[in-house]
Amino acid sequence: MSPSQRVCGLVLLFLHDLVSGELTQIPELKVTEGPSGGSVVKGNRFDFTCRAETSSDLSISYSWRRITNLNSLNPTYETLSTVNTGSEGVYIEYNAQDSAFYFCVVTSGDFVTSSDGAYLEVGYLDDFDAGAGPAAVTYSEARLTVELQCSIPDSNPYPTVTWYKQGVPFTAENAIMARDSQGRPSNLVIFDITVSDSGEYYCGVSNSITQTNYGSDSAYVRIEVGATTTGSYDPVRIVPNYDYQGTEGTTITLYAGVASRPKADYIWSIDGTTITTGDRHSFADYDRSLIISDLQTTDQGTYVVTYEQNGVSEGTINVVLDVIEKVEAEGDVYDYATVEGEDLNLDCGCSGSPPDWVQYSTDSPATQWLKNGVLLTNDSKTEVYVTVNNKNTGKALVKSVSDGDSGTYACTCFNQAEFLTFTKNVFVADEMVALSVASQREGWGLVGSTVSISCVAEGVPRPNIDWYTGGSKVVEGVFPRSKPGFTIKYVRSMFKTISYLVLEDSENQDSGQFSCLAHHSVKGTQYNATSASTLTIAYPTSSRIQCLNTTVEEGSAATIVCGVSGVPMPTVTYTKLNETDGSLIALDESFGYVTNTSYFVIYNVQLSDMGQYRGYATNKDTGGFLARFDVMTLSVTAKSSQMSMNAIIGLSGLVAFLVLGGLVCLILLGRWKREKEFNEEVARLIAERDDNVAEMQQRLQLRSMEN
């Protein structure tokens, strides 16, 4: 079970009792519906729902947790009261005040599990000062810029700011919104001033959660002729250097802008590479804005915006983009069975961006380990590993486990964007169960393809698996290749480990014998079991084809037989050779069709269809080396005309020799009988020829395989 396929609860598992020989069944407890996050206006109500099921007869109860103080070094875990919150499994936040993560804890008998965290964002937009907008003013002296003020109220999320002129949303090539050190907009700067810039302006702010819109008082800005900008001047930065944070998978917009005359041109680049419009990149606002869709971690970095006048660079603006990576658990967050007296190592191995509220250097999300919903802390038996800065590393150790250490262990990994719970159900057995291992006997593929072999091992403690070849351990990127190619993937459950040795872009020299080594340790002694597999990487061969000459009667169906072979199996196309110039004549569907055995059948053969036909076999599109062709001759015999000639002779005989009429009829009857017998013999020979053709095809294929 991979982390992305995890089940938050105990799975239905069986363990051999070494004393009684019976199977011990562990009840199943899992969350079937976790709470969903969302947004709510501050002070309003939001409902959370959690559902779970169990395979036992025990009842299920729910409790709720909330994680607040997300902007502090140590977020706070709160146990929430569910009094008067509705039905079982429902929590109602009647008066939402702060954004937080919520998750449910499910209990059934001695078993406890929990859901993923659901983020509730609380939105608000404080009182807006309508009088703090632009001021009415008249400009009569020459100016480079005019800046109109907009006061932004306290808001979550940061509001959308829109400027209006004459009551209509205003954008222009000579107008830029000023931004702060986080790239957030506010005032409007107009440059390259002309009289046409006169008008009535106001700013509007809106909040996507509260769905409220406010507008400032409008003010008339008058630009007199004497205030218009004349001559040229160097660019003045309106948008400063700033830092921006975006979440992986979302769409973001980065901004730049300078005031200048003549107007500047903008070139966006990262790591020295110019950005152009493409699948995920587009530009807006006269190239002053870069839109990136489906944000990826590779997009992170410093974006340099070069602004030019008349093709000459005048300066740059730097936008530093930090991408919040999605949280994943790469450690052992799988169900696990072990033996009394062994140490239990817990390793969440979370990857992803650290929370931005952590005030020291770290490259991973915040983590916490819980057992049956209770936070693990250091004591004489449990050690929770932390950094020198008291940050949980995602690792913990439970020493010399006993039956009481069985239960549901949960690792929580979180940052400002996600809070995920990875559940690890642990079963402590009285005694070990011996290893059993089996591997795929052979993995086969063509050069350049992706090939894999697999191995399955079971036991208690749950075994680990390593791969070996040539007496050395397979290490990704090290051995047997010093370049990428071999990767090892695992799927783990409580008692079982499945390992896949995957080879991408395979090469012939990767072929060989591989051993799957399963192992576990009990009381300091390591137990091993091995199984062997063969990996074969074959070269694709060129196509082979051989065609047989055929003779058929006019009006019947004709089969052009061409035997083919190759790895991969080639496809065959048929054409007719033009006897005049040697060109190839395509055969359309009305003429005939290709069978699933690569033969070509002509529906209704005419005398004009006689000639040479070419079969062309190729597997190049699927990795083969060379295409091949062969030519066959189709002969067509005319329908027998003896009956019609005899009829003419007979009529002449009847006119000339009436007395011999009876004899002539007898002669004609005899000829008819012989002709019927001839046709039956032809039909038998054709059937016999078809049998011979099938036998010939088999021989051709066997010969191709031998070659």
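Values in this document were obtained by computation on a predicted structure and should not be read as measured data. (Residues numbered from 1 in each chain as written. Predicted model: local features only at pLDDT ≥ 70, side-chain atom pairs only at ≥ 80, totals over all residues. Heavy atoms only, no water.)

Now for the environment of Asn 213. If you trace the backbone, Asn 213 turns up in strand E22 (residues 212–215). Asn 213 sits in the exposed class, given a relative accessible area of 60%. Separated by 85 residues in the primary sequence, Asn 213 and Phe 128 place their C-alpha atoms 9.6 Å from one another. With residues up to four places along the chain from it excluded, the contact list for Asn 213 reads Val 205 and Ser 206. (Helix = DSSP H or I, 4+ residues; strand = E, 2+ residues; numbered from the N terminus. Buried < 20%, exposed > 50% of the residue type's maximum accessible area, 1.4 Å probe, protein only. Contact = heavy atoms within 4.5 Å.)

Once that is clear, we can look at the pattern of salt bridges. Considering all chains together, one arrives at 15 salt bridges under this definition. Arg 481 is the salt-bridge partner of Asp 510, the closest N and O atoms lying 2.6 Å from each other. In this pair, Asp 510 is assigned in the loop between strand E50 (496–503) and strand E51 (512–522) and Arg 481 in the loop between strand E48 (472–473) and strand E49 (486–492), connecting sequence segments 29 residues apart. Residue Asp 510 is classed as buried on the basis of its relative accessible area of 8%. For Arg 481, a relative accessible area of 7% gives the class buried. (Salt bridge = Lys/Arg side-chain N within 4 Å of Asp/Glu carboxyl O.)

Right, let's talk about the side chain of Arg 66 for a bit. Considering the arrangement of structural elements, one finds Arg 66 in strand E8 (residues 61–68). Within the structure, the side chain of Arg 66 is placed 3.5 Å from the side chain of Tyr 102, a separation counted as a polar contact. Here Arg 66 is in contact with Thr 76, Tyr 77, Glu 78, Leu 80, Tyr 91, Glu 93, Ala 100, Phe 101 and Tyr 102, once residues within four sequence places are set aside. (Polar contact = N/O pair within 3.5 Å; in protein donor to acceptor, adjacent residues only side chain to side chain.)

This part is about the packing of aromatic side chains. Within the structure shown, the criterion is met by 13 aromatic pairs. For the pair Tyr 593 and Tyr 603, a centre-to-centre distance of 5.6 Å together with 40° between the ring planes defines the contact as tilted. Note that Tyr 593 is positioned in strand E59 (residues 592–594) and Tyr 603 in the loop between strand E60 (600–602) and strand E61 (611–618), a separation of 10 residues in sequence. The rings of Phe 46, Phe 48, Trp 64, Tyr 91 and Tyr 102 are connected pair by pair, giving a single aromatic cluster. Taking the ring centre of Tyr 490 as reference, the NZ or CZ of Arg 492 above it sits at 4.5 Å. The lysine or arginine in question, Arg 614, covers the ring of Phe 629, its NZ or CZ lying 4.5 Å from the ring centre. (Phe/Tyr/Trp six-rings, centres within 6.5 Å; stacked < 30°, edge-to-face > 60°. Lys NZ or Arg CZ within 6 Å of the ring centre and 35° of its normal.)

Before going further, it helps to examine the confidence of the model for the protein chain. Looking at the protein chain as a whole, its pLDDT mean stands at 82, while 82% of the residues score no less than 70. In this model residues 1–25 is a low-confidence stretch, pLDDT under 50, and it forms 70 contacts with partners more than four residues away in sequence or in other chains. Every residue in residues 653–668 scores below 50 in pLDDT, and together they form 5 contacts with partners more than four places removed in sequence or on other chains. (pLDDT = per-residue confidence, 0-100.)

Another point: the state of the cysteines. Tallied over the full model, the rule gives 6 disulfides. Sulfur-sulfur distance for the disulfide between Cys 50 and Cys 104 comes to 1.9 Å. Of the two residues, Cys 50 is situated in the loop between strand E6 (46–49) and strand E7 (51–54) and Cys 104 in strand E11 (residues 100–108); the sequence distance between them amounts to 54 residues. You'll find Cys 50 and Cys 104 in the same group, each marked buried. Disulfide partner of Cys 350: Cys 413, at an S-S distance of 1.5 Å. With Cys 350 in strand E37 (residues 350–351) and Cys 413 in strand E42 (residues 407–414), the pair connects residues that are 63 residues apart, well separated along the chain. For the pair formed by Cys 350 and Cys 413, the shared burial category is buried. With cysteine numbering restricted to those in disulfides and following the sequence, the protein chain has the pairing 1-2, 3-4, 5-7, 6-8, 9-10, 11-12. (Disulfide = S-S within 2.5 Å.)

With that out of the way, let us pick up the environment of Arg 45. Among the structural elements, Arg 45 can be located in the loop between strand E5 (38–41) and E6. Residue classification places Arg 45 among the partly exposed residues on the basis of a relative accessible area of 47%. As for Arg 45 and Ile 92, which are separated by 47 residues in sequence, their C-alpha atoms are 6.9 Å apart. Not counting residues up to four positions away in its chain, the partners in contact with Arg 45 are Val 40, Ile 92, Glu 93 and Tyr 94. Within the structure, the side chain of Arg 45 is placed 2.8 Å from the side chain of Asp 47, a separation counted as a polar contact.

Before going further, it helps to examine the pairing of strand E36 (residues 344–347). Burial of E36 is one-sided: the residues Leu 344 and Leu 346 facing one way are buried, the residues Asn 345 and Asp 347 facing the other way are not. For E36 and strand E41 (residues 392–398), the ladder comprises 4 bridges, and the chain directions are antiparallel. Note that in E41 the partner of Leu 344 across the bridge is Val 398. (Pairing = 2+ DSSP bridges.)

In this model, Asn 156 is joined to Pro 157 through a cis peptide bond whose omega is -5°. You can see Pro 157 is positioned in the loop between strand E16 (155–156) and strand E17 (160–165). We note that Asn 310 has phi near 55°; this positive angle belongs to a residue other than glycine.

On to the sheet that holds strand E55 (residues 558–560). One open sheet holds the 3 strands; their spatial order is E55-E60-E59, and the pairing between them is antiparallel. With one partner strand each, in any of the chains shown, E55 and E59 form the two edges of the open sheet. Neighbour-to-neighbour, the strand axes of the sheet open up by a mean angle of 20°, direction not taken into account. The pairing of E59 with E60 spans 3 bridges and is antiparallel. (Axes fitted to C-alpha atoms, helices over the stretch in contact; angles between N-to-C directions.)

Of all hydrophobic cores here, the largest spans 28 residues; its most connected members are Leu 254, Tyr 266, Trp 268, Leu 290, Ile 292, Tyr 303 and Leu 321. Of all elements in the fold, only strand E19 (175–179), strand E20 (185–191), strand E26 (252–255), strand E27 (258–261), strand E28 (265–270), strand E31 (289–292), strand E32 (301–309) and strand E33 (312–324) reach the threshold of two or more residues within this core. No other element matches E33, which puts 4 residues into this core. Look past the residues within four positions of Tyr 266 in its chain and what remains in contact with it is Ile 176, Gly 257, Val 258, Tyr 286, Asp 287, Arg 288, Val 305, Thr 306 and Tyr 307. (Core = buried A, V, L, I, M, F, W, Y, C linked by side-chain atoms within 4.5 Å.)

Before going further, it helps to spend a moment on the sheet that holds strand E62 (residues 628–637). To summarise the sheet geometry, strands pair through backbone hydrogen bonds and adopt either a parallel or an antiparallel arrangement. As summarised here, the arrangement of the 5 strands in space is E54-E62-E61-E57-E58, forming an open sheet in which the pairing is mixed. Each having just a single partner strand, strand E54 (550–553) and strand E58 (584–586) make up the two edges of the open sheet. Put simply, the sheet's adjacent strands are angled 35° from each other on average, direction ignored.

With that settled, consider the side chain of Lys 371. Along the chain, Lys 371 falls in strand E38 (residues 366–371). This buried residue, Lys 371, is left without a salt bridge; Asp 405 holds the nearest opposite charge, at 4.2 Å. In this structure Lys 371 touches Leu 376, Gly 404, Asp 405, Ser 406, Thr 408 and Tyr 409, once residues within four positions along its chain are discounted. (Lys, Arg positive; Asp, Glu negative; His and termini not counted.)

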